[in-house]
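Summary of structural features
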Amino acid sequence: DHPHSRHKLKNILHQHFKSHCIPSQVSASHSVSQSVSQIIPQTIPLQRNKRMSKVTARNGSSVANTTTKSTPPGYNKARRDQCKFLLVLTSVLLVTGGSVLSILTAAAAVLCIKEGKVASTRNMKWMTLSFITFAASLSSFILAKGSDFVDEDRAYGLKISLWLGAKSIQTGWGVTLAL
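Residues numbered from 1 in each chain as written. Predicted model: local features only at pLDDT ≥ 70, side-chain atom pairs only at ≥ 80, totals over all residues. Heavy atoms only, no water.

A short note on the overall build of the protein chain
- Per the secondary structure count, the protein chain includes 6 helices and 2 strands.
- Counting from the amino terminus, helix and strand elements in the protein chain follow one another as α-α-β-β-α-α-α-α.
- The buried share of the protein chain, reckoned over its 179 residues, is 26%.
- The contacts of the protein chain with a sequence gap of at least 6 include a subset with a gap of at least 24, amounting to 51%.
- With an accessible surface of roughly 12,200 Å², the protein chain has 62% of that area assigned to carbon and sulfur atoms. (Helix = DSSP H or I, 4+ residues; strand = E, 2+ residues; numbered from the N terminus. Buried < 20%, exposed > 50% of the residue type's maximum accessible area, 1.4 Å probe, protein only. Contact = heavy atoms within 4.5 Å. Areas by Shrake-Rupley, 256 points an atom, 1.4 Å probe, with all protein chains shown as cover.)

Comments concerning the side chain of Gln170
- Note on placement: Gln170 falls in helix α6 (residues 156–178).
- Judged by relative accessible area, Gln170 falls into the buried class, the value being 3%.
- A polar contact is formed between the side chain of Gln170 and the side chain of Ser99, at a distance of 2.8 Å.
- A distance of 3.3 Å separates polar atoms of two side chains, one belonging to Gln170 and the other to Lys167.
- If we skip the residues at most four places from it in the chain, Gln170 touches Leu94, Val95, Gly97, Ser99 and Ser140. (Polar contact = N/O pair within 3.5 Å; in protein donor to acceptor, adjacent residues only side chain to side chain.)

Section: the packing of helix α5 (residues 121–149) against α6
- It is the contact of α5 with α6, at a shortest axis distance of 8 Å, that shows an interaxial angle of 155 degrees. By the angle between their directions, the pair α5 and α6 is classed as roughly antiparallel. Both α5 and α6 take part in a crossing whose hand is left-handed. The segment α5 lies against α6, with Leu129, Ile132, Thr133, Ala136, Ser139, Ser140, Leu143, Ala144, Gly146, Ser147 and Asp148 engaging Lys159, Leu162, Trp163, Gly165, Ala166, Ile169, Gln170, Trp173 and Leu177.
- Of the residues belonging to the contact of α5 with α6, the class tally is 11 nonpolar, 7 polar and 2 charged. (Axes fitted to C-alpha atoms, helices over the stretch in contact; angles between N-to-C directions. Parallel < 35°, antiparallel > 145°, perpendicular 65-115°, else oblique. Left-handed = near helix turned anticlockwise from the far one by under 90°. Nonpolar A, V, L, I, M, F, W, Y, C, P; charged D, E, K, R; others polar.)

As for the packing of helix α3 (residues 75–96) against α6
- Look at α3 against α6: their axes get within 8 Å of each other, and the N-to-C directions meet at 150 degrees. Crossing hand, α3 versus α6: left-handed. Contacts between α3 and α6 pair Leu87, Ser91, Leu94 and Val95 from the former with Gln170, Trp173, Gly174, Val175, Leu177 and Ala178 from the latter.

A closer look at the nonpolar core
- Listed in full, the 12 residues of the largest apolar core are Cys83, Leu86, Leu87, Leu94, Ala109, Cys112, Ile113, Trp126, Met127, Ala136, Trp173 and Leu177.
- If we ignore the near neighbours within four places in the chain, the residues touching Leu87 are Ala109, Trp126, Leu129, Ser130, Thr133 and Leu177. (Core = buried A, V, L, I, M, F, W, Y, C linked by side-chain atoms within 4.5 Å.)

A look at helix α4 (residues 99–114)
- In this model α4 runs 23 Å from its N-terminal to its C-terminal C-alpha over 16 residues, within 8% of the 22 Å that 1.5 Å per residue would give.
- The set of residues buried in α4 consists of Ser99, Ser102, Ile103, Thr105, Ala106, Ala109, Val110, Cys112 and Ile113.
- Buried residues along α4 sit in contact with α3, α5 and α6. (Expected span 1.5 Å × (residues − 1).)

Geometric values such as these leave the question of function open.
Following this line, the structure appears as structure tokens:
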């Protein structure tokens, strides 16, 4: 971190680069010092998820190269499979009338798929289904509870409308999701 040690390192790399580089490979727009400045940040690992590897140039000199490895192979597929299982469980719970459990499993599906890569189109599809399922489960639960609070003698039509709305959402989306 001392300014002189950084300068020394830069000079050493500059001399090494100069001695191992063929002059025809250095273009006019990229001077030797610019190339050295580009090499220095690549040799220092900045995050713990970066892996160092050596790349050998045509002239035999080796340069450190960092690559990021964000997730292990199959990570997103495993997340999608977990989400699929939770959504199947949610559809069964919706059709059988388990409102509170269907809300919890739909929320778990959303959280599960959210941990995967968001830019993946397959993950986006399952995330969208998870959000819709969560909204359907929550709205059917709210309509069913609203139906329970309405007095049957005073507003029978409203009570039946709320109950039918809740059951139609549960059955309709539960069957659609199961397909």
